[in-house]
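Residue-level structural notes
Here's the letter readout for the chains.
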Amino acid sequence: EEEEEAKLQNGICLPCPPGPAGTALEEPLRSCRLRSEAERHRGPVAPDKPPSSPGPVPLGFMDVNLNCRNTYEVSRRRSAPEQLPHGATAAPAQEPVDRARRAGIAGAGSSFAEFFTRNFFTKKTKELKPAVQSAPGWKLFGKVPPRENLPKDSKIIQQEYEARTGRMYKPPPPSSRRKNIEFEPLSTTALILEDRPANLPAKSVEEALRHRQEYDEMVAEAKKREIKEAHKRKKIMRERFKQEENIASAMVIWVNEILPNWEGMRATRRVRELWWQGLPPSVRGKVWSLAVGNELNITPELYEIFLSRAKERWKSFSETSSENDAEDAGASVADREASLELIKLDISRTFPSLYIFQKGGPYHDLLHSVLGAYTCYRPDVGYVQGMSFIAAVLILNLEEADAFIAFANLLNKPCQLAFFRVDHSMMLKYFAAFEVFFEENLPKLFLHFKSYSLTPDIYLIDWIFTLYSKSLPLDLACRVWDVFCRDGEEFLFRTGLGILRLYEDILLQMDFIHIAQFLTKLPEDITSEKLFSCIAAIQMQNSNKKWAQVFASLMKDHKEGDKNPSPALKS
């Protein structure tokens, strides 16, 4: 026993017990030769035993190297350090050796099972390979070790291929394509100058010259277009600069001369000419307020009173919006509540391209307040679709209270009051007066409209209800408003005749449906210069009668006009 213990301490294998169990475990034990690298070259050998010579392992012995007791103990502690109970200490080094010795001399039935389950073999730690500096890999999370395989260059791949196959790589011969030009084509137009591929017949001299001539013509046309567009842009910029200079100079005149002496200068020829050219944006709101006036004597305090009423009505209507409450409140209150709901729906449709009056925009609440206060101020009118555009234009040029005052006085004019109260008889008289001047100024187009039974109410209602702010671009609509504040309702119908004159040639080629669609949605490229030149060409006189005289005569002669309203008005 002392000799076997000495062998275990010096790293010498123990003999396996003879019998079928040792023979059966011969092959598995040979595959488990775990010898320490340090003990291969040197190791403690018993003084009374010579070092073993290399050769085959004798049958029945296990090639197990324990190194030493300390190594076994450390490996055991590394294998399961967390399995020790709290406060327990590891067994001394001699104890595992005794257990191993007892396992070696035990019976063949159960000793080898215990031999493997007791973690007898030492663990062989893996040696870390030095990291190869290469391009880092890619991973979604965390750090990634660098890739060991560097991307190979095409030349390296070619050299490896030649070394492996022994064949030299020959690049394809250069194209034998003929080139008579000194540049590569940069566009499909320049492909005209390219020669045909080698597999096609070459161009003849005449064909090459013709292609060259065609290419030169294309280049010349492109240059002409570019020069023309450049001149057009310069012309537009010059006109814009000139217009800005005129506006700046006109603003000085309006601020320093006209506005301080408004009542004495508003009807002078000089002021009317400046008015026709358009008001400077900085004084536009002030001039509109003065021109419209305040016949209703509305004050900012009165606006606040009606605004507070509207807010209370919105609050009560949102809290108690049942059918019984609506029936008990009466028809007038129900109509007003319907108007308040219609305001919310119509505000979102007001100048949708500007995105300032929609919900969340800077002017949404302001427009809502002005329209709501007006419905409380004029319950007999309420809210009518189209009012939101008029109020929006005023809000863009005036303060909140001033916009409400101008809005209420503007809708109190005879023409606007007739349209917004849907007075059929008055509306028919306005349409009849319009047709008188339509026939006087545009007889050919007038007959064309008559042939399709196209009445003015089909296109004029939308223009008058919104004062052209929905049909025309906003800047052009503001200029129409400038002269409308100067001339009154007559200019609204004169503007309509100017639009018909501007597109007369186009309208003469259209039928009923296309005319109605075209006049409902006018082209967006309409300019103020073209429109106002056509408006200026319209003569508002018929048999030496002006607009007011013609309209007054129609009021007397067509008393029965309200008995047969047009189908559009009925709808």
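Quantities reported herein were computed from a predicted structural model and do not represent experimental measurements.

Rules used in this analysis
- Residues numbered from 1 in each chain as written.
- Predicted model: local features only at pLDDT ≥ 70, side-chain atom pairs only at ≥ 80, totals over all residues.
- Heavy atoms only, no water.
- Helix = DSSP H or I, 4+ residues; strand = E, 2+ residues; numbered from the N terminus.
- Contact = heavy atoms within 4.5 Å.
- Areas by Shrake-Rupley, 256 points an atom, 1.4 Å probe, with all protein chains shown as cover.
- pLDDT = per-residue confidence, 0-100.
- Buried < 20%, exposed > 50% of the residue type's maximum accessible area, 1.4 Å probe, protein only.
- Phe/Tyr/Trp six-rings, centres within 6.5 Å; stacked < 30°, edge-to-face > 60°.
- Lys NZ or Arg CZ within 6 Å of the ring centre and 35° of its normal.
- Salt bridge = Lys/Arg side-chain N within 4 Å of Asp/Glu carboxyl O.
- UniProt positions renumbered as here; feature names shortened; annotations may be inferred.
- Core = buried A, V, L, I, M, F, W, Y, C linked by side-chain atoms within 4.5 Å.
- Axes fitted to C-alpha atoms, helices over the stretch in contact; angles between N-to-C directions.
- Parallel < 35°, antiparallel > 145°, perpendicular 65-115°, else oblique.
- Left-handed = near helix turned anticlockwise from the far one by under 90°.
- Nonpolar A, V, L, I, M, F, W, Y, C, P; charged D, E, K, R; others polar.
- Arc of directions from axis to C-beta.
- Lys, Arg positive; Asp, Glu negative; His and termini not counted.
- Polar contact = N/O pair within 3.5 Å; in protein donor to acceptor, adjacent residues only side chain to side chain.

**Topic: the overall build of the protein chain**
Along the backbone of the protein chain there are 29 helices and 2 strands. Considering only residue pairs separated by 6 or more positions, the protein chain has 70% of its internal contacts joining residues 24 or more positions apart. When the accessible surface of the protein chain is split by element, carbon and sulfur atoms take 54% of a total near 36,400 Å².

**A closer look at the confidence of the model for the protein chain**
Reading predicted coordinates in detail is not appropriate for stretches of low pLDDT. Of all residues in the protein chain, 61% attain a pLDDT of 70 or more, and the chain-wide mean is 75. Per-residue pLDDT stays below 50 along residues 19-110; that stretch engages in 86 contacts with residues further than four places along the chain or on separate chains.

**With respect to unusual backbone geometry**
Trans is the common state for peptide bonds, and a negative phi is the common state for residues other than glycine. For Asn297, which is not a glycine, the phi torsion comes out positive at approximately 55 degrees. Inspection of the secondary structure assignment puts Asn297 in the loop between helix H12 (281-292) and helix H13 (300-319). Backbone geometry places Tyr355, a non-glycine residue, at a positive phi of 60 degrees. By the secondary structure assignment, Tyr355 is in the loop between helix H15 (331-347) and helix H16 (364-377). Accessibility expressed as a relative area gives 64% for Tyr355, which makes it exposed.

**Thoughts on the packing of aromatic side chains**
For any pair of aromatic rings, the description consists of the separation of the ring centres together with the inter-plane angle of the planes. Evaluation of the coordinates by the stated rule reveals 31 aromatic pairs. Note on Tyr303 and Phe404: the rings are 4.8 Å apart at their centroids and 40 degrees apart in plane angle, and the pair reads as tilted. Within this pair, whereas Tyr303 is found in helix H13, its partner Phe404 is found in helix H18 (residues 400-410), the two being separated by 101 residues in sequence. Just above the ring of Phe532 sits the side chain of Arg479; from NZ or CZ to the centre is 4.1 Å.

**Quick look at the pattern of salt bridges**
Taken as a whole, this structure holds 10 salt bridges when the rule is applied. Glu273 is the salt-bridge partner of Arg269, the closest N and O atoms lying 3.4 Å from each other. Placement of the pair is Arg269 and Glu273 together in helix H11 (residues 269-276), with a separation of 4 residues, close to one helical turn. Among the residues examined, Arg269 registers a relative accessible area of 70% and is labelled exposed. Residue Glu273 is classed as partly exposed on the basis of its relative accessible area of 43%.

**Thoughts on the UniProt feature "coiled-coil region" (unreviewed entry) in the protein chain**
The positions UniProt marks with the feature "coiled-coil region" (unreviewed entry) are residues 205-240. End C-alpha atoms of residues 205-240 are separated by 52 Å, and the span's content is 100% helix alongside 0% strand.

**With respect to the nonpolar core**
Among the nonpolar cores identified, the biggest contains 114 residues, and Trp254 and Leu500 are the most heavily contacted of them. Broken down by element, the residue count for this core peaks at 9 residues, all from helix H20 (residues 424-441).

**What to know about the side chain of Asp346**
One can find Asp346 in helix H15. A relative accessible area of 5% means that Asp346 is categorised as buried.

**Thoughts on the environment of Asn297**
Owing to a relative accessible area of 59%, Asn297 belongs among the exposed residues under this scheme. Between the alpha carbons of Asn297 and Asn409 there is a distance of 9.0 Å; along the sequence they are 112 residues apart.

**Remarks on the packing of helix H22 (residues 457-466) against helix H24 (residues 489-502)**
At a minimum axis distance of 11 Å, the contact between H22 and H24 shows a crossing angle of 130 degrees. Comparing the axis directions of H22 and H24 gives the class oblique. Handedness of the H22/H24 crossing: right-handed. Residue-level inspection shows Tyr459, Leu460, Trp463 and Ile464 of H22 in contact with H24, the latter providing Leu492, Phe493, Gly496, Ile499 and Leu500.

**A look at the packing of helix H9 (residues 205-258) against H11**
Running from amino to carboxyl end, H9 crosses H11 at an angle of 145 degrees, the nearest separation of the two axes being 12 Å. Crossing angle aside, the handedness with which H9 passes H11 is left-handed. Across the interface between the two elements, Ile253, Trp254, Glu257 and Ile258 from H9 touch Arg270, Val271, Leu274 and Trp275 from H11. Split into classes, the residues belonging to the contact of H9 with H11 amount to 6 nonpolar, no polar and 2 charged.

**Some details on helix H26 (residues 512-520)**
Of all the positions in H26, only Ile515, Ala516, Phe518 and Leu519 are classed as buried. Around the axis of H26, the buried residues are gathered within 165 degrees of arc, so they sit on the same side. Of the surrounding elements, those touching the buried residues of H26 are helix H21 (443-451), H22, H24 and helix H25 (504-507).

**Details of the side chain of Arg494**
Topologically, Arg494 is positioned in helix H24. No salt bridge is formed by the buried Arg494, whose closest oppositely charged neighbour, Asp487, lies at an N-O distance of 4.8 Å. Reaching out from Arg494, the side chain makes a polar contact with the backbone oxygen of Ile535 at a distance of 3.1 Å. Not counting chain neighbours up to four residues away, the residues in contact with Arg494 comprise Ile535, Ala536, Ile538 and Met540.

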